[in-house]
Amino acid sequence: MAPSARPTLALAAAALVGAWLRLGALDREGLWLDELFTVRAATRESWAALIAELAADVHPPLWFFLLHLLPEGPDASWRVPSALVGLVGVALAAALARSLAGGGTHGARATLLAAALTATAPGLVLLDREARANAALSAAAVGLVLALVRGRSVAVVLVAAVLVNLHPFGPFVLAAAALFRYLDPGDGTGSPPGRGVLLLGAGALALLPWASVLVGQADQFAASPWYRPPPGDSVGWVLAELADDQPGLWLGPLLGLGVAARLEGPGERRGLVLAAAFVVGVVLLPQAASYLWAPILRSRSALPLLPVVLVAASLGLARMGRPGVILGLVAATGQGLAAWSATRLEVRREQWREAAAWAAPLVPPGGLVLATHPQLWRHYLGEHVDLRDAASLDVDAAPGAVVLLGHEPDPTALHARLGATVLEEARFHGVWGARVGGFARPLPLNVDDPARGRADGTHAELWGATSARTPPLRARGACAVHVRAHEDAAGVEPAELRVRVVLDGVAVLDERLAVGGAGVTAGAPLVHGEPDHNELVVEVAFTNDAVVDGADRNAYLDEIRLDCR
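These remarks concern the structure in this document.

Analysis parameters
Residues numbered from 1 in each chain as written. Predicted model: local features only at pLDDT ≥ 70, side-chain atom pairs only at ≥ 80, totals over all residues. Heavy atoms only, no water. Helix = DSSP H or I, 4+ residues; strand = E, 2+ residues; numbered from the N terminus. Rg over C-alpha atoms; globule rule 2.2 N^0.38 Å. Buried < 20%, exposed > 50% of the residue type's maximum accessible area, 1.4 Å probe, protein only. Contact = heavy atoms within 4.5 Å. Areas by Shrake-Rupley, 256 points an atom, 1.4 Å probe, with all protein chains shown as cover. Lys, Arg positive; Asp, Glu negative; His and termini not counted. Charge placed at Lys NZ, Arg CZ, Asp CG, Glu CD. Expected span 1.5 Å × (residues − 1). Bend = angle between axes of the 7 residues up to and from the residue. Salt bridge = Lys/Arg side-chain N within 4 Å of Asp/Glu carboxyl O. Core = buried A, V, L, I, M, F, W, Y, C linked by side-chain atoms within 4.5 Å. Patch = residues over 30% accessible without salt bridge, like charges linked within 9 Å, V, L, I, M, F, W, Y side chains within 5 Å. Axes fitted to C-alpha atoms, helices over the stretch in contact; angles between N-to-C directions. Parallel < 35°, antiparallel > 145°, perpendicular 65-115°, else oblique. Left-handed = near helix turned anticlockwise from the far one by under 90°. Nonpolar A, V, L, I, M, F, W, Y, C, P; charged D, E, K, R; others polar. Arc of directions from axis to C-beta. Pairing = 2+ DSSP bridges. Polar contact = N/O pair within 3.5 Å; in protein donor to acceptor, adjacent residues only side chain to side chain. Phe/Tyr/Trp six-rings, centres within 6.5 Å; stacked < 30°, edge-to-face > 60°. Lys NZ or Arg CZ within 6 Å of the ring centre and 35° of its normal.

Some details on the overall build of the chain
- Scanning the chain from terminus to terminus reveals 20 helices and 17 strands.
- Whereas a compact globule of 565 residues would reach a radius of gyration of roughly 24 Å, the chain reaches 31 Å, over 25% beyond that.
- Taken over the C-alpha atoms alone, the chain extends approximately 105 × 50 × 40 Å along its principal axes.
- Sorting the 565 residues of the chain into buried and exposed places 52% on the buried side.
- Within the chain, contacts between residues at least 6 apart in sequence are counted, and of these 73% link residues at least 24 apart.
- Surface summary for the chain: the accessible area is close to 23,300 Å², and the carbon and sulfur share equals 61%.
- If the 44 positive side-chain charges of the chain are averaged to one point and the 53 negative ones to another, these points end up 14 Å apart.

Given below as structure tokens:
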């Protein structure tokens, strides 16, 4: 074999390994929470509905727009675009290493090592296999730096516009790239100094059409953030998670960075400046925002840091000559084995699909399913079930109902809220399912006249002739309403409460309850089982407000409990 053919074959082998890791067995595990949101948004019935869906979230629209153009298919089909974009990212990383290293043998070695390391890095592989925009963010970030290094102003503008509309961390990538452009020592040939300003300006202009929605998204997120504040050592935390929590995988790249730190050539210097700029842009700036505004830093969002660090490490390893190439390929082999295990052997994603398959035979047509993120479970459970939010206080389970908790499930909290009797349960990775035999829990209350009473959750105080009532509830099976109350005594006549239970607009109970000073509990039995006729409202009116001998008679509703078995 001619020596000149060896680098080409080695690059082809790295590309094939990268493709096998990213595209193979994409349907081995079902979609998890974030992916299910992507699919839900991308499959909205219209562009307007898609935009409305995104307006309630924190994501720019571009990736969802692209997926909206694709036909609906199985789970794997939603991941293929990310995997293909991830492969483009591998090619761009190799091209960036070549541009920084220059030509000749050194450039060929750096190209091969960058391709091998980025093709096999578990952090890149795992996120390139998800139906999310992270792979595209990473590839576009590398493409932006490549355009800056090669002096392609049109490409800089276009990629900057894409980045800010692709992912919430797009602006941070622009900040990192602008910082690199400002600090870049160059290769000695000189380059136009204004491209950093150009890309920031292009990004700002590209944000304008989405700006009003972004403000609303930011306000919503700040009011109810999803993430925890990052640790103080955010750089170590991000790099550890991007190595799939296997620190040994960083031995080869760290050696390459150490060699590059000796400043052996302009390519190594530029690679280190690039890595440092991305540490600032996609880790330290989001960390500061997390402390000053709301937690936003996640390792997966900082993914663009990984390929640029691996490119910088490749430059250092290539400078070592053949020993460096061998060490780099050994490191890539270790990464590849870790990525193979993570994608072919281990359970990594939340098992929503498996949980839905377990639940489906238990739910008859029209049957009730209480679930976290119910709109996302629809992807696997279809339209024939009655999906309700398990976290909502105005929704009640029925005997035989199925409960599905996905994404950090907490069955203990559900038991406390619903008082559910669990007949059977099943646990999956990141998902908990159960079939319940009934429930008993206090109901939320509202007071009709705030001037005559007030409600606090499941308690109410009535000091005038007014009513407290529950919101409309769903309740099926053999149920009973229990009212527990007490009074401020005023004379010998006890407080009187009128208890009405209305089912689908028809009063099925209307009786008066004498409270008495010691408190009382009264029960009203109900029996009904039609799923289409089950809107229940409980109303309790204080009917004999009075002041007797200077004592004011008040009534207190300690609890209205609904018990269905």
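Notes on helix 15 (residues 266–292)
- Look at helix 15: 37 Å from first C-alpha to last across 27 residues, which is about the 39 Å you get at 1.5 Å a residue.
- A bend of about 30° at Val280 is the largest found in helix 15.

What to know about the pattern of salt bridges
- Counting across every chain of the model gives 26 salt bridges.
- Measuring nitrogen to oxygen at the nearest pair gives 3.5 Å for the salt bridge that ties Arg349 to Glu35. Of the two residues, Arg349 is situated in the loop between helix 17 (322–344) and helix 18 (352–359) and Glu35 in helix 2 (residues 33–42); the sequence distance between them amounts to 314 residues.
- Accessibility expressed as a relative area gives 0% for Glu35, which makes it buried.
- Each member of the salt-bridge network shares a partner with another, and the members are Glu35, Arg79 and Arg349.

Observations regarding the nonpolar core
- Counting 111 residues, the largest nonpolar core has Leu96, Phe278, Leu305, Val369, Trp377 and Leu404 as its most contacted members.
- With near-sequence residues (within four places) excluded, Leu96 lies in contact with Val142, Val145, Leu146, Val149, Leu274 and Val311.
- Within the second largest apolar cluster, 30 residues are counted, among which are Cys479, Val538, Leu562 and Cys564.

Overview of a nonpolar patch on the surface
- On the surface, Trp20, Leu337, Trp340 and Leu345 cluster together to form a nonpolar patch covering roughly 440 Å² of accessible area.
- Along the polypeptide, Leu337 turns up in helix 17.
- Its relative accessible area of 53% is what places Leu337 among the exposed residues.

Some details on the packing of helix 8 (residues 134–150) against helix 9 (residues 153–164)
- Relative to each other, helix 8 and helix 9 sit at 160°, their axes nearing to 9 Å. Considering the angle they form, helix 8 stands roughly antiparallel to helix 9. For the pair helix 8 and helix 9, the sense of crossing is left-handed. In contact with Leu137, Ala140, Ala141, Leu144, Ala147 and Leu148 of helix 8, helix 9 contributes Ala155, Val156, Val159, Ala160 and Leu163.
- Each residue belonging to the contact of helix 8 with helix 9 can be placed in one class, and the counts come to 11 nonpolar, no polar and no charged.

Here we look at helix 12 (residues 211–223)
- The end-to-end C-alpha separation of helix 12 is 19 Å, in line with the 18 Å expected for 13 residues at 1.5 Å each.
- Every buried residue of helix 12 is listed here: Val213, Gln217 and Phe221. One side of helix 12 carries all its buried residues, which in axial view fall inside an arc of 70°. For helix 12, the exposed residues lying more than 90 degrees away from the buried face are Ser212, Val215, Asp219 and Ala223.
- Buried residues belonging to helix 12 abut helix 3 (47–55).

So, the pairing of strand 17 (residues 551–564)
- Where burial is concerned, most of strand 17 is hidden: 10 out of the 14 residues are buried.
- Sheet topology note: the strand 8 (residues 459–462)/strand 17 ladder contains three bridges and is antiparallel. Residue pairing for strand 17: Leu462 is matched across the bridge by Ala555.
- Examined bridge by bridge, strand 11 (residues 477–488) and strand 17 share 10 bridges and lie antiparallel to one another. Note that in strand 17 the partner of Arg484 across the bridge is Glu559.

Some thoughts on the packing of helix 15 against helix 16 (residues 305–319)
- Where helix 15 contacts helix 16, the axes come no closer than 9 Å and their chain directions differ by 160°. In terms of axis orientation, helix 15 runs roughly antiparallel to helix 16. Helix 15 and helix 16 meet at a crossing whose hand is left-handed. Contacts between helix 15 and helix 16 involve Gly267, Glu268, Gly271, Leu272, Leu274, Ala275, Phe278, Val279, Val282 and Val283 from the first element and Leu305, Val308, Val309, Ala312, Leu315, Gly316 and Arg319 from the second.

Quick word on the side chain of His59
- You can see His59 is positioned in the loop between helix 3 and helix 4 (62–68).
- When its relative accessible area of 13% is taken as the criterion, His59 is described as buried.
- A polar atom in the side chain of His59 sits 2.9 Å from the side chain of Arg132.
- Not counting chain neighbours up to four residues away, the residues in contact with His59 comprise Phe37, Leu54, Phe64, Arg132, Pro168, Trp210, Gln217 and Trp226.

As for the side chain of Ser82
- Take Ser82: it is sitting in helix 5 (residues 75–101).
- Not counting residues up to four positions away in its chain, the partners in contact with Ser82 are Trp63, Asp128, Glu130, Ala131, Arg132 and Ala135.

Looking at the packing of aromatic side chains
- Summed over all chains, the structure comprises nine aromatic pairs.
- A centroid spacing of 5.9 Å and a plane angle of 35° characterise the contact between Phe221 and Trp293, whose relative ring orientation is tilted. Of this pair, Phe221 sits in helix 12 while Trp293 is found in the loop between helix 15 and helix 16, placing the two residues 72 residues apart along the sequence.
- By relative accessible area, which is 5% here, Phe221 ends up buried.
- On the basis of relative accessibility, which here comes to 45%, the residue Trp293 falls in the partly exposed class.
- Here Arg344 stacks its cationic end above the ring of Trp20, 4.4 Å away from the centre of that ring.

Some remarks on unusual backbone geometry
- Positive phi outside glycine occurs at Asp245, with the angle close to 55°.
- A positive phi angle, close to 70°, is found at His407, a residue other than glycine.
- Along the chain, the position of His407 falls in the loop between strand 3 (402–406) and helix 20 (411–418).

A few points about the environment of Leu113
- Mapped onto the elements of the fold, Leu113 is located in helix 6 (residues 104–120).
- In this structure, the C-alpha to C-alpha distance between Leu113 and Gly366, residues 253 residues apart in sequence, is 57 Å.
- Excluding anything up to four places from it in sequence, Leu113 contacts Ser314, Leu317, Ala318, Gly324, Val325, Gly328 and Leu329.

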